[in-house]
Amino acid sequence: ASQEIVTEVVVLGAGPGGYTAAFRAADLGKKVVLIERYDTLGGVCLNVGCIPSKALLHTAAILEEVKTLGTMGVTFGEPTIDLDKMRAGKEQVVAKLTGGLAAMAKQRRVEVIQGTGRFEAPNRIAVAQPGGPVRILFDHCIIACGSAPMKIPGFPHDDPRVMDSTDALEIADIPERLLIVGGGIIGLEMASVYSALGSTVEVVEMKDQLMPGADIDLVRALEKVIKKRYGTIRLETKVAQMSATAEGIKVVFEGKKPGEEIYDKVLVAIGRRPNGKLVNAEAAGVKVDQHGFIKVDAHMRTNVPNIFAIGDVVGGPMLAHKATHEAKVAAEVIAGMPALFDPMTIPSVAYTDPEVAWMGLTETDAKAKGIAYEKGVFPWAASGRALGIHRDEGLTKLLFDPETKRILGAGIVGPNAGELIGEAVLALEMGADMEDIGLTIHPHPTLNETIGLAAEMAHGSITDLL
Ligand code: FAD
């Protein structure tokens, strides 16, 4: 027998976009239903994305860091690694967070319905359940159905030796030879993990640089470190063929570095595709483009006035912090508040070793688009703190408007770059200029100090580094 629930707001998908929207709408007094097909809340980010990857990356960073202690007279033996315990440790972190979300939903009386939801009309979604569908009648809906890893047609994705990011996070084993297809953030983060655990990692990327979109100077600093640790890195090269053989996964490369190799495992991390086509949005009249993206305006409203969409499914950088901010806008607009998604910038962070973080304008982009800028670059080789932690490969770069001297963009590479970029994001949002940043007293000796020093370099108040 089918069941019917009448609600003010229904949220489809419980990732960082969906749960944030549901909680905000409930806090604003709305009756909310949250639909999720999996048995835990949190979506990709908490279950198979940001959180488990960072738990593994922290372990990886320590494994690499202890090796630098040789110069301080401390050496360790080979680490012993228990993968079952590592997996359990990672899962414990995830479970704590997803369990916390379930409690927060309960506290707010957000009704969670488990099952796959599909639109039937502009105000009705049916959620498939073993005993027959639950129909949810709503005033407003927020679509937050997220994205999934992209596959390459014709490649043996069904072979367990060909992994996507979810498989890679399971660390079923430590392959001797691992190929990462796609030199973007997700691929390179998993490369950091497996390399630290002992795999020989190779990377193939179609574009002419790793981490396309990031400032090339930052990428070079990362490359300098990983070239010493990894096997071959192929740029401007694509995988033409991949086949499963008894010896391993055979890969044929075409382009700048052609060749044929056999790997124990391959991680395909070539990007993510939005889930827009999976919710039967047409039944509600919501337009979904050919890729699966749903277009929204600055209020996060789709072409159907009572239906909103947020997160990975609406395009833009596929990042959790973008999803959560869009989520609050959608919930607030539904509650009648004058909210708008209009950030000056959305920061990007690769939690690789070293980390790469950037926000606003990049120098690569400024050059390509002919945008005038002044820059301040502070090499970490001149930072006492960076030397003290044996990490002098880092770099802090700030770009300023030549007229107003306001900050336009920032890029940082080095340990903790992801933490450090926050100051630059705030500076951009607040319209801070070179002097605001340069005259702000940063604590010494910190890595954070390099931001103040880069501003001083741009200002010309310091010129001599050492
Ligand atoms: P999702 O998190 O994808 O959630 C969508 C939810 O909707 C899912 O739970 C899905 O099951 C559910 N759903 C979909 N369709 C239906 C349906 N029809 N019925 C019911 N439920 C449905 N971002 C960062 O900002 N920082 C990071 O460090 C970071 N690391 C990442 C690492 C990895 C390995 C990956 C894969 C991603 C990472 N991301 C990171 C990206 C981040 O995970 C996503 O941007 C974020 O999860 C998007 O949130 P969302 O709410 O739009 O969708």
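Owing to the predicted nature of the structure, the values given are computational and were not obtained by experimental measurement.

Caption draft 1: Local environment of the site of the ligand. Around the ligand sit 36 residues in total, of which Gly 13, Gly 15, Gly 43, Gly 146 and Gly 311 are the nearest. For the shell around the ligand, the secondary-structure elements that each account for two or more residues are helix H1 (16-27), strand S2 (32-36), helix H2 (43-48), helix H3 (50-65) and helix H8 (320-334). Of the residues that constitute the shell around the ligand, the class distribution is 18 nonpolar, 15 polar and 3 charged.

Caption draft 2: Looking closely at the sheet that holds strand S20 (residues 374-379). Within the open sheet, the 5 strands sit side by side as S18-S19-S22-S21-S20. Their pairing is antiparallel. Two strands bound the open sheet, and with one partner strand each, they are strand S18 (348-350) and S20. Ignoring which end each strand starts from, the neighbouring axes of this sheet average 10° apart. Inspection of the sheet shows strand S19 (residues 356-360) paired to strand S22 (residues 407-413) by 5 bridges, in the antiparallel sense. Each residue of the ladder has a partner; that of Gly 360, found in S22, is Gly 409. Of the strands in this sheet, S18, S19, strand S21 (395-400) and S22 are in contact with helix H11 (residues 417-429), which crosses S19 at around 10°.

Caption draft 3: Up close: the pairing of S19. With 5 of its 5 residues buried, S19 lies for the most part within the structure. For S18 and S19, the ladder comprises 3 bridges, and the chain directions are antiparallel. Each residue of the ladder has a partner; that of Ala 350, found in S19, is Val 356. Here S18 folds back onto S19, and the loop between the two strands holds 5 residues.

Caption draft 4: Molecular detail of the sheet that holds strand S13 (residues 249-255). Across the sheet, 3 strands lie side by side as S12-S13-S14; this open sheet has antiparallel pairing. Sheet topology places strand S12 (237-244) and strand S14 (259-263) at the edges, where each strand pairs with a single neighbour. In this sheet, neighbouring strand axes are inclined to one another by 25° on average, regardless of whether the strands run parallel or antiparallel.

Caption draft 5: Examining the nonpolar core more closely. By size, the foremost hydrophobic cluster in this structure holds 140 residues, and its most contacted members are Val 11, Ile 143, Val 266, Phe 308, Ile 310 and Ala 330. With 9 residues, helix H6 (residues 185-197) is the single largest residue contributor to this core.

Caption draft 6: Layout of the packing of H1 against H8. Where H1 contacts H8, the axes come no closer than 8 Å and their chain directions differ by 30°. In terms of axis orientation, H1 runs roughly parallel to H8. Every pair of crossing elements has a handedness; the one defined by H1 and H8 is right-handed. Across the interface between the two elements, Pro 16, Gly 17, Thr 20, Ala 21, Arg 24 and Ala 25 of H1 pack against Ala 320, Ala 323, Thr 324, Glu 326, Ala 327, Lys 328, Ala 330, Ala 331, Glu 332 and Ile 334 of H8. Here the contact of H1 with H8 is built from residues that sort into 9 nonpolar, 3 polar and 4 charged.

Caption draft 7: Summary view of H11. Here H11 is 13 residues long and its end C-alpha atoms lie 19 Å apart, about the 18 Å a rise of 1.5 Å per residue gives. Residues Ala 417, Leu 420, Ile 421, Ala 424, Ala 427 and Leu 428 constitute the buried set of H11. Positioned one or two residues after H11, Gly 431 has a phi angle of 70°, which is positive.

Caption draft 8: Fine view of the UniProt feature "binding site: NAD(+)" (unreviewed entry) in the protein. Within this numbering scheme, the UniProt entry marks Gly 182, Gly 183, Gly 184, Ile 185, Ile 186, Gly 187, Leu 188, Glu 189, Glu 205 and Gly 271 as carrying the feature "binding site: NAD(+)" (unreviewed entry). Spatial clustering of the annotated residues is evident: they stretch over 90 residues in sequence, but the largest pairwise C-alpha distance comes to 14.3 Å. Following the sequence through the fold, Gly 184 ends up in the loop between strand S9 (177-181) and H6. Each residue touching Gly 184, except ones within four places of it in the same chain, is listed here: Met 211, Pro 212, Ala 269 and Gly 271. With respect to the element layout, Glu 205 can be found in the loop between strand S10 (200-204) and helix H7 (216-229). Judged by C-beta crowding, with 24 C-beta atoms within 10 Å, Glu 205 ranks as buried. Once residues within four sequence positions are removed from consideration, Glu 205 is found in contact with Gly 182, Gly 183, Leu 210, Arg 234 and Leu 235.

Rules behind the numbers
Residues numbered from 1 in each chain as written. Predicted model: local features only at pLDDT ≥ 70, side-chain atom pairs only at ≥ 80, totals over all residues. Near = placed C-beta within 6 Å. Helix = DSSP H or I, 4+ residues; strand = E, 2+ residues; numbered from the N terminus. Nonpolar A, V, L, I, M, F, W, Y, C, P; charged D, E, K, R; others polar. Pairing = 2+ DSSP bridges. Axes fitted to C-alpha atoms, helices over the stretch in contact; angles between N-to-C directions. Contact = placed C-beta atoms within 7 Å. Buried ≥ 20, exposed ≤ 12 C-beta atoms within 10 Å, placed from the backbone. Core = buried A, V, L, I, M, F, W, Y, C linked by C-beta atoms within 7 Å. Parallel < 35°, antiparallel > 145°, perpendicular 65-115°, else oblique. Left-handed = near helix turned anticlockwise from the far one by under 90°. Expected span 1.5 Å × (residues − 1). UniProt positions renumbered as here; feature names shortened; annotations may be inferred.

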